[in-house]
Amino acid sequence: MKFLIKMILIVGIVLFALVNYRYFSFNKGFSKLSMEDKSVTQVLSTLTGVTKVEYYKKTISKDENVYSVYIVTNQDAYLLSATQEEIEGFNILGIFSNNFKPEKITPIPFYVEIVLGLIILLIPFGRKTR
């Protein structure tokens, strides 16, 4: 029983982390990480169907793409890497359309979820046996 409770809590933390970092959403499913498989007309139809744009600064980044941009369209959700200049470009597009106005979000850092997971694994649950 203790193991089951711990596993449910760990799965809950992992699900929260996926939703928090926009890798998963309940209405669109898992976010697509690229648009390389789409043709030009499909990309243009995707751009006209944008409903929301959010971005956050990556905590660990090895290249010049220091932001993650979460783009929600009528059909799918995308999580793409971006630079500061691309974020500013979205802000300029936001002048013409509110759908392209990016909203900055601040997700809870990964290390908080890791610490909570370790606490759940180490703290005993249930009654003491005599």
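Quick notes on the rules
- Residues numbered from 1 in each chain as written.
- Predicted model: local features only at pLDDT ≥ 70, side-chain atom pairs only at ≥ 80, totals over all residues.
- Heavy atoms only, no water.
- Patch = residues over 30% accessible without salt bridge, like charges linked within 9 Å, V, L, I, M, F, W, Y side chains within 5 Å.
- Areas by Shrake-Rupley, 256 points an atom, 1.4 Å probe, with all protein chains shown as cover.
- Salt bridge = Lys/Arg side-chain N within 4 Å of Asp/Glu carboxyl O.
- Helix = DSSP H or I, 4+ residues; strand = E, 2+ residues; numbered from the N terminus.
- Buried < 20%, exposed > 50% of the residue type's maximum accessible area, 1.4 Å probe, protein only.
- Expected span 1.5 Å × (residues − 1).
- Arc of directions from axis to C-beta.
- Contact = heavy atoms within 4.5 Å.
- Pairing = 2+ DSSP bridges.

**Student:** Talk me through a nonpolar patch on the surface; I want residue IDs and the actual numbers.
**Tutor:** There is a patch of nonpolar side chains on the surface, built from Tyr-23, Leu-33, Phe-110, Ile-114, Leu-118, Leu-121 and Leu-122 and spanning about 720 Å² of accessible area. Residue position: Phe-110 is located in helix H4 (residues 110–122). Judged by its relative accessible area of 37%, Phe-110 falls in the partly exposed class.

**Student:** I'd like to hear about H4, residue by residue, with values.
**Tutor:** Here H4 contains 13 residues, and its C-alpha end-to-end distance of 19 Å stays within 8% of the 18 Å for a straight helix at 1.5 Å per residue. Within H4, the full set of buried residues consists of Glu-113, Gly-117 and Ile-120. On an axial view of H4, the arc spanned by its buried residues comes to 60°, and they lie on one face. Facing away from the buried side of H4, by more than 90 degrees, are the exposed residues Tyr-111, Ile-114 and Leu-122. Check the buried side of H4 and you find it contacts helix H1 (2–20).

**Student:** Just give me the short version of the pairing of strand E3 (residues 50–57), but keep the residues and values in it.
**Tutor:** When a strand is regular, its side chains alternate between the sheet's two faces. Direction of pairing for E3 relative to strand E4 (residues 67–73): antiparallel, over a ladder of seven bridges. What sits directly across from Glu-54, in E4, is Tyr-70.

**Student:** Residue-level account of the pairing of E4, with values.
**Tutor:** The buried fraction of E4 amounts to seven of the seven residues, a majority that puts the element mostly inside the structure. Neither face of E4 is open: one carries Tyr-67, Val-69, Ile-71 and Thr-73, the other Ser-68, Tyr-70 and Val-72, and all of them are buried. The turn joining E4 and strand E5 (residues 77–82), which pair antiparallel and follow one another in sequence, is formed by three residues.

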